[in-house]
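Residues per chain, in single letters:
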Amino acid sequence: MLDIYAAASFPRETPSAVVQIVHGMCGCKERYQPLMNFLSDNGCLCVASDLRGHGQSVKSPNDRGYFYSGGYKALVDDVRIVSDFYLQKFPDAPLFLLGHSMGSMAARIYAKQDDSKLSGLILCGSPSKNPESNIGAALTGIICMAGFGKSRPGIMQNMMDNKYNKKFASEGHRAWTCSDTESREQSNQMPQCNFNFTINGTNNLMKMMCETYNPDGWKVSNPTMPILFISGGNDPCMISKSKFYEAINAMRRVGYTNVKYLIYPEMRHEVLHEVGKQNVWNQILSFVKTHQKQK
């Protein structure tokens, strides 16, 4: 059994909506507190949980980056347990999932399994489909079966960082994530955000990508559910605009009819923490306020 830790920011009045944040790889709930406060100041109940293998949702701090035996499927179940907890308390409040990066994939898998309780999806920093994810999942799966699931060589994260940071190398380590140096430094100072994924974590990350972009198995019961993709124009996870549009069209092809997107030209991967983030926050609030009336 694994305890999942969450934090919530409540509005003064009965919540007009529940916005659940699903953070990304090497993220944690604390990084989203300013956004949570902003949303709750505007009438929303905002909740963020530490995904399994992150933050406090571990059996030991040494397990960060490890998804345990349940893997990504249990991670998505954890997200659903958290949302169900708050929906039981506020059954009339529409639920919106706000997923960042890896969390955007978890949010889509959540919807793929059952979208009936969702009033909308906001997907930011979406990693575009990597054609090598199937091979990567298979290879890391073999390593896990050999008993090395908890090893954390760091080579894959270093390769990713070096690749993504090539354009921004003069600005320092992991500058690809955000142009706001203060925000990057805050993240760098948080031990719960500074660790290498285990082979088990990498395996599940790749499986999540495969499942997210697999057109089979979608149970679309809410085809008009509004979906908003948000991306920085300089986000290397986008790979290219054509790849980004493929992610958008993937949701349309499985049956969703109300899929839109916003691109912020000068922003990078972490649009929720970027220079000019208030504009992004306002767009998110506008999206929620617009569609909460449809429940």
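All values derive from a computational prediction rather than experimental measurement. Every chain is numbered on its own, with residues counted from 1 as its sequence reads. The predicted origin of the model limits local features to residues at a pLDDT of at least 70 and limits the giving and counting of side-chain atom pairs to 80 or more, whereas totals for whole chains, interfaces and linings rest on all residues. The basis for every side-chain value is the complete set of non-hydrogen atoms in the structure, without hydrogens or water.

Peer 1: Can you break down the side chain of glutamine 157 residue by residue, with the values?
Peer 2: Strands here mean DSSP runs of E at least two residues long; helices mean DSSP runs of H or I at least four residues long; both are numbered from the N terminus. Tracing the backbone shows glutamine 157 in helix 5 (residues 155-165). Here's how the labels work: a residue is buried when its accessible area is under 20% of the maximum for its type, exposed when over 50%, partly exposed in between, all with a 1.4 Å probe on protein chains only. Look at glutamine 157 and you get buried, because its relative accessible area is 12%. In this description, contact between two residues means that some pair of their heavy atoms is separated by no more than 4.5 Å. What glutamine 157 contacts, discounting residues up to four positions off in sequence, is Met25, Cys26, Phe195, Asn196 and Phe197.

Peer 1: Describe helix 1 (residues 33-41), listing the residues and the values that go with them.
Peer 2: Of the residues making up helix 1, those classed as buried are Leu35, Met36, Phe38, Leu39 and Ser40. Those residues of helix 1 that are buried lie in contact with strand 1 (6-9), strand 2 (17-22), strand 3 (44-49), strand 4 (95-100) and helix 9 (277-292). Phi turns positive, to about 95°, at glycine 43, one or two residues after helix 1.

Peer 1: Describe the pairing of strand 4, listing the residues and the values that go with them.
Peer 2: In terms of burial, strand 4 is largely enclosed, as six of its six residues are buried. Burial of strand 4 is two-sided: the residues Leu95, Leu97 and Gly99 facing one way and the residues Phe96, Leu98 and His100 facing the other way are all buried. Here strand 4 pairs with strand 5 (residues 118-124) via six bridges, running parallel. The partner of leucine 95 across the bridge, within strand 5, is leucine 118. Whether a crossover is right-handed depends on one test, that the path from the first strand over the helix to the second runs clockwise when the strands point away from the viewer. Regarding the hand of the β-α-β motif, the stretch spanning strand 4, helix 3 (residues 102-113) and strand 5 is right-handed. Between any two strands, pairing holds if DSSP finds at least two bridges.

Peer 1: Provide a residue-level description of the environment of cysteine 26, including the pertinent values.
Peer 2: With respect to the helices and strands, the residue cysteine 26 is situated in the loop between strand 2 and helix 1. Here the alpha-carbon distance between cysteine 26 and glycine 55, two residues 29 residues apart in the chain, equals 8.3 Å.

Peer 1: Explain the packing of helix 1 against helix 9 to me, and be specific about the residues and the numbers.
Peer 2: Orientation of helix 1 relative to helix 9, taken along the N-to-C sense of each, is 45°, at an axis distance of 11 Å. As far as their axial angle goes, helix 9 and helix 1 are oblique. The element helix 1 and its partner helix 9 pack so that their crossing is right-handed. On helix 9, the residues that touch Pro34, Leu35, Phe38 and Leu39 of helix 1 are Gln278, Trp281, Asn282 and Leu285. For this classification, Asp, Glu, Lys and Arg are treated as charged, while Ala, Val, Leu, Ile, Met, Phe, Trp, Tyr, Cys and Pro are nonpolar and the rest, including Gly, are polar. For the contact of helix 1 with helix 9, a count of residues per class yields six nonpolar, two polar and no charged. Every axis in this analysis is a line fitted to C-alpha atoms, fitted for helices over the stretch in contact. Angles between the N-to-C directions lie between 0 and 180 degrees. In these notes the angle categories are as follows: under 35 degrees is roughly parallel, over 145 is roughly antiparallel, 65 to 115 is roughly perpendicular, and the rest is oblique. Left-handed describes a crossing whose near helix is turned anticlockwise from the far helix by less than a right angle; the clockwise case is right-handed.

Peer 1: Quick one: what's the story with the layout of surface pockets, residue by residue and with numbers?
Peer 2: Empty space within the largest pocket amounts to approximately 1300 Å³. In terms of lining residues, the largest pocket is bounded by 48 residues, among which Met25, Met156, Met160, Tyr164 and Leu205 are the most central. For the lining of the largest pocket, the secondary structure elements donating two or more residues are helix 3, helix 4 (133-148), helix 5, helix 6 (181-188) and helix 7 (199-213). Among the elements that line the lining of the largest pocket, the one with the most residues is helix 5, at eight residues. Within this scheme a cavity is a closed region of a 1 Å grid, computed over the protein atoms alone, that accommodates a 1.4 Å probe without allowing it to escape, whereas a pocket is open but has protein on both sides within 12 Å along at least five of seven lines; lining residues each have an atom within 4 Å of a point. Grid points are joined across faces, edges and corners, and a volume is the space filled by probe spheres set on the points.

Peer 1: Mind laying out the pattern of salt bridges, listing which residues take part and the relevant values?
Peer 2: Salt bridges, as used here, are contacts in which a Lys or Arg side-chain nitrogen is within 4 Å of a carboxyl oxygen on Asp or Glu. Applying the stated criterion across every chain, the model contains nine salt bridges. Close ionic contact of aspartate 84 with lysine 117 constitutes a salt bridge, the shortest N to O distance being 3.3 Å. Remark: lysine 117 occurs in the loop between helix 3 and strand 5 and aspartate 84 occurs in helix 2 (residues 71-89); sequence separation between them is 33 residues. Overall, the relative accessible area of 45% leaves lysine 117 in the partly exposed class.

Peer 1: Requested: an account of the nonpolar core, with residues and values cited.
Peer 2: Only buried residues count toward a nonpolar core. Its members are Ala, Val, Leu, Ile, Met, Phe, Trp, Tyr and Cys residues joined through side-chain atoms within 4.5 Å. Of all hydrophobic cores here, the largest spans 46 residues; its most connected members are Leu121, Met208, Ile227, Phe229 and Tyr256. Contacts of leucine 121, omitting those with residues within four sequence positions, involve Leu97, Ala107, Ala111, Met225, Pro226, Ile227, Leu228, Met251 and Phe287. By size, the runner-up hydrophobic cluster in this structure holds 28 residues, among which are Cys44, Cys46, Phe96 and Met267.

Peer 1: Now, about helix 6: what can you tell me, with residues and values included?
Peer 2: Looking only at helix 6, the buried set comprises Ser183, Arg184 and Ser187. Axial view of helix 6: buried residues confined to an arc of 100°, hence all on one face. Summarising the geometry of helix 6, the exposed residues directed more than 90 degrees from the buried face are Thr181 and Glu182. For helix 6, the capping residue at the N-terminal end is aspartate 180, with a side-chain oxygen 3.0 Å from the backbone nitrogen of glutamate 182. Working note: the arc is built from the helix axis to C-beta atom directions. Think of a polar contact as two N or O atoms within 3.5 Å of one another; within protein, one of them needs to be a possible hydrogen donor and the other a possible acceptor, and neighboring residues in sequence only count if both atoms come from side chains.

Peer 1: Quick one: what's the story with the side chain of serine 126, residue by residue and with numbers?
Peer 2: Assignment of secondary structure puts serine 126 in the loop between strand 5 and helix 4. Of note is the side chain of serine 126, whose polar atom sits 2.9 Å from the side chain of arginine 108. Non-local contacts of serine 126, meaning those with residues more than four positions away in its chain, are made with Ser104, Arg108, Tyr213, Phe229, Cys237 and Ala247.

All we've got here are geometric facts, nothing functional implied.
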